[in-house]
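# Breakdown of the fold
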Amino acid sequence: MTDSIRHDHGLARGLTNYGDAKFSLYLRRSFASSMGYSRELLDRPVVGICYAGGGFNNCHRLMPELIEAVKRGVLSAGALPIEFPTISLGEVFLVPTSLKFRNLMSMDVEEMIRAQPMDAVVLIGGCDKTVPAQLMGAASADLPAIQLVTGPMSTSRHQGERLGACTDCRRFWARYRAGELTEGEIDAVEPRLASTAGTCAVMGTASTMASLSEALGMMPAGAAAVPAVDASRLRIAEETGRIAVTLIGSERRPSQIINQKSLENALRVLLAIGGSTNAVIHLAAIAGRLGLEFDQINQLSDTTPVLVDLKPTGLHYMEDLAAAGGIPAVMRELKGLLHLDCVTVTGETVGDRIESAGKWVDRTVIRGIKEPIQPSGALVMLFGNLAPGGAIIKRSAGDPRLFEREGRCVVFTSLDDLAARIDDPDLDVTPDDFLVLQNAGPQSAAAMPEAGYLPIPKKLARNGVKDMVRISDARMSGTAFGTVVLHVTPDTASGGPLAFVQNGDRIRLSVRERRLDLLVAATELERRRSVFAGSPAPASTRGYGWLYDNFITQANEGCDFAFLKRDGPPSPR
């Protein structure tokens, strides 16, 4: 019976310890038989299907269909598919923010891959933090893995206008705040903004991470942009299942696919697609899990043009990118800048993929490298006495007229302070001021929410002001836009220089020089530092909250837990 069964694959892997390995396998197969599997199936290698479904995640509504399609692919290739759930992070359903729970999900993914008997794993995610959490967990477990995403929403229509979440959500809300829309009009557009299953319809964080997963080589070519409701999404899922079987016993593990060269390829694609600033945090975290360097953004940005014309910085949507040629077409334009010898999960190199991709491209969506939308990359890291560890700005989403200037600070000390005063008609603020938000970084009680897209004060918005310089240690949704400086490091709560900014101070911003400086004398800064009382102590005394408070790292390290990084320090901060 059990003597003839291989103990290095399938259900015979990683036997539960009862002190008798043959009994452990006998018991496991007995219990597995209760699920109706034949002996022939029980002898096959196993492909795990790690999925992040749940009722609090609208982006993943069609995940059951994807699971069944993956199963078809696995069975057709001769293995046994077994699905298992993990934590699911629905972006708008979590408090204080989904980023706080990304590391928890990554630990769930890592440990369930490691603890359960599987020879390869398919990762099914979609919503913003789910894909990075899965890639982080898979990188740490280092079992052969392949990524599948749910795909973006399709667009909708409202009064003759084409709409898609969530850039258009923010555009309509800004109009409402400015008094251009009535209560009835904003209510009428609400159900039209997100009207299908899938992730946000624009180049937000979810679509960015899907694109970067493809650029890294962790998913099939052309799989990032296909809409969730398109039948091709199911065919991609089926093919993903077949590919997963070919990974069994191979060296195509995450640690081999995601390396210094493929990480650089992903950064090039991020800069060319005008992707989300959040991706910088997630890529830094993935790099940290594998001991890779992550300090090349400015160097690559100087030589990588913006090629993709998608919202929030352009005109089109993700379904248009899919129809225009997808990420393979983008990578073909970047061919001279990429490491073409990087191997992908399919066994092809990046160069192979580019050569085999379709040649037709819609140039209204994907520009040629000689006719770019912008000659240099979408994102820039800023450094200076206000951000010794760096900050980031998405210049492709900002107003170039605001990139080189000095401004007076209007400071909000917390999210509560912002909410209480931003629309006060007596707020002392002008369009030339810099709005500064403190205590919204990773070590704050707010846990680095997507609050960096500070609203334009209502009294200015109603006078036609559309953009201002905004600075914080918070994040910003990938679907947002504006001249917004984010991820100021170290953050306020850890005693970084941002903590010492006061109303009336002046800050100098220079995107050209990559600088962000507080124009306060060093002696005065030192005086403020000496009397700084510190941010409120973390409130958590137990459980995951305590773990987060004690081990979270700064934005430039990916906001991962120190002990989860390769060779990371075990002690709490």
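Okay, so let's go over this structure. (Residues numbered from 1 in each chain as written. Predicted model: local features only at pLDDT ≥ 70, side-chain atom pairs only at ≥ 80, totals over all residues. Heavy atoms only, no water.)

### Looking at the pattern of salt bridges
Using the criterion set out here, one finds 46 salt bridges in the structure. Of the charged contacts, one joins Arg114 and Glu111 as a salt bridge, the two residues approaching to 3.3 Å between their closest N and O atoms. With Arg114 and Glu111 both in helix 4 (residues 99–115) and three residues apart, this pair spans about one turn of that helix. Given a relative accessible area of 45%, Arg114 falls into the partly exposed group. Exposure remark for Glu111: the relative accessible area of 38% places this residue in the partly exposed category. The salt bridge partner of Arg242 is Glu239, with a shortest N-O separation of 2.9 Å. (Salt bridge = Lys/Arg side-chain N within 4 Å of Asp/Glu carboxyl O. Helix = DSSP H or I, 4+ residues; strand = E, 2+ residues; numbered from the N terminus. Buried < 20%, exposed > 50% of the residue type's maximum accessible area, 1.4 Å probe, protein only.)

### Looking at the packing of aromatic side chains
Scanning all chains against the criterion turns up twelve aromatic pairs. Centroid distance Phe500 to Phe532: 5.3 Å. Interplanar angle 90°. Geometry classified as edge-to-face. A residue pair is termed long-range when its members are at least 10 positions apart, and Phe500 in the loop between strand 12 (484–489) and strand 13 (506–510) and Phe532 in the loop between helix 19 (522–531) and helix 20 (543–551) qualify at 32 residues. Residue classification places Phe500 among the buried residues on the basis of a relative accessible area of 3%. For Phe532, a relative accessible area of 30% puts it in the partly exposed group. Site record: aromatic cluster; members linked through ring pairs are Phe101, Tyr544, Trp546, Tyr548, Phe551, Phe561 and Phe563. (Phe/Tyr/Trp six-rings, centres within 6.5 Å; stacked < 30°, edge-to-face > 60°.)

### What to know about the pairing of strand 10 (residues 434–437)
Burial of the side chains of strand 10 extends over both faces: Phe434 and Val436 are buried on one face and Leu435 and Leu437 on the other. Pairing between strand 9 (residues 404–412) and strand 10: four bridges, direction parallel. Residue pairing in the sheet places Val410 in a bridge with Leu435 of strand 10. Judged from the four bridges that link them, strand 10 and strand 11 (residues 469–472) form a sheet pairing that is parallel. Its bridge partner lying in strand 11, Leu437 is registered against Ser472. (Pairing = 2+ DSSP bridges.)

### A look at the sheet that holds strand 1 (residues 46–51)
With parallel pairing, four strands are arranged side by side in an open sheet as 2-1-3-4. Unpaired on one side and paired on the other, strand 2 (80–85) and strand 4 (145–149) mark the two borders of the sheet. Direction aside, neighbouring strands of the sheet carry axes that sit 20° apart on average. The sheet contacts of helix 4 involve strand 1, strand 2 and strand 3 (120–125), and relative to strand 3 the element is tilted by about 155°. Contacting strand 1, strand 3 and strand 4, helix 9 (residues 231–247) crosses the sheet at an angle of about 175° to strand 4. (Axes fitted to C-alpha atoms, helices over the stretch in contact; angles between N-to-C directions. Contact = heavy atoms within 4.5 Å.)

### Considerations on the packing of helix 3 (residues 63–76) against helix 9
Any two packed helices are characterised by how steeply their axes cross, that is the angle between the axes, and by the distance between the axes. Contact pair helix 3 / helix 9: the axes reach a minimum separation of 7 Å and the direction vectors enclose 40°. As the angle between them shows, helix 3 and helix 9 are arranged oblique. Considering only the axes of helix 3 and helix 9, their crossing is right-handed. The segment helix 3 lies against helix 9, with Glu65, Leu66, Ala69, Val70, Arg72, Gly73, Val74 and Ser76 engaging Arg233, Leu234, Ala237, Glu238, Gly241, Arg242 and Val245. Across the contact of helix 3 with helix 9, the residue classes break down as seven nonpolar, three polar and five charged. (Parallel < 35°, antiparallel > 145°, perpendicular 65-115°, else oblique. Left-handed = near helix turned anticlockwise from the far one by under 90°. Nonpolar A, V, L, I, M, F, W, Y, C, P; charged D, E, K, R; others polar.)

### Thoughts on the nonpolar core
What tends to happen in soluble globular proteins is that the nonpolar side chains get buried as a cluster. Counting 123 residues, the largest nonpolar core has Ile113, Ile124, Phe294 and Leu321 as its most contacted members. In terms of residue count, helix 12 (residues 278–290) provides more of this core than any other element does, nine residues in total. Contact partners of Ile124, with chain neighbours within four places excluded, come to Ile49, Cys50, Tyr51, Ala52, Met63, Leu66, Ile67, Val70, Gln134, Gln147 and Leu148. Counting 27 residues, the second-largest nonpolar core is a separate cluster that includes Leu386, Val411, Ile471 and Leu498. (Core = buried A, V, L, I, M, F, W, Y, C linked by side-chain atoms within 4.5 Å.)

### Some points on the side chain of Thr86
Looking at the secondary structure, you find Thr86 in the loop between strand 2 and helix 4. Not counting the four nearest positions on each side in its chain, Thr86 is found in contact with Cys50, Tyr51, Ala52, Met105, Asp108 and Val109.

### Observations concerning helix 6 (residues 167–177)
An α-helix turns once per 3.6 residues; consequently, residues spaced three or four apart project the same way. The complete set of buried residues in helix 6 reads Thr167, Asp168, Cys169, Phe172 and Arg177. Directly beyond the C-terminal end of helix 6, a positive phi value near 85° is found at Gly179.

### Considering helix 20
For helix 20, the buried fraction is high: seven of the nine residues fall into the buried class. Listing the buried residues of helix 20 in full gives Tyr544, Gly545, Leu547, Tyr548, Asp549, Asn550 and Phe551. Buried residues along helix 20 sit in contact with helix 4.

### Examining empty space enclosed by the protein
Any space left empty among the atoms is revealed by the rolling of a water-sized probe across them. Applying the stated criterion to the full structure yields three cavities of 30 Å³ or more. By volume, the largest cavity is sized at about 60 Å³. Taken together, Cys59, His60, Leu62, Met63, Glu65, Leu66, Thr150, Ala197, Gly198, Ala228, Arg233 and Leu234 form the lining of the largest cavity. Of all the secondary-structure elements, those providing two or more residues to the lining of the largest cavity are helix 3 and helix 9. (1 Å grid on protein atoms, 1.4 Å probe; cavity = no way out; pocket = protein on both sides within 12 Å on 5 of 7 lines; lining within 4 Å. Points joined across faces, edges and corners; volume = space filled by probe spheres on them.)

### Side note on the environment of Arg542
Within the fold, Arg542 resides in the loop between helix 19 and helix 20. Its relative accessible area of 66% is what places Arg542 among the exposed residues. As a C-alpha pair, Arg542 and Leu454 span 88 residues in sequence and 32 Å in three-dimensional space.

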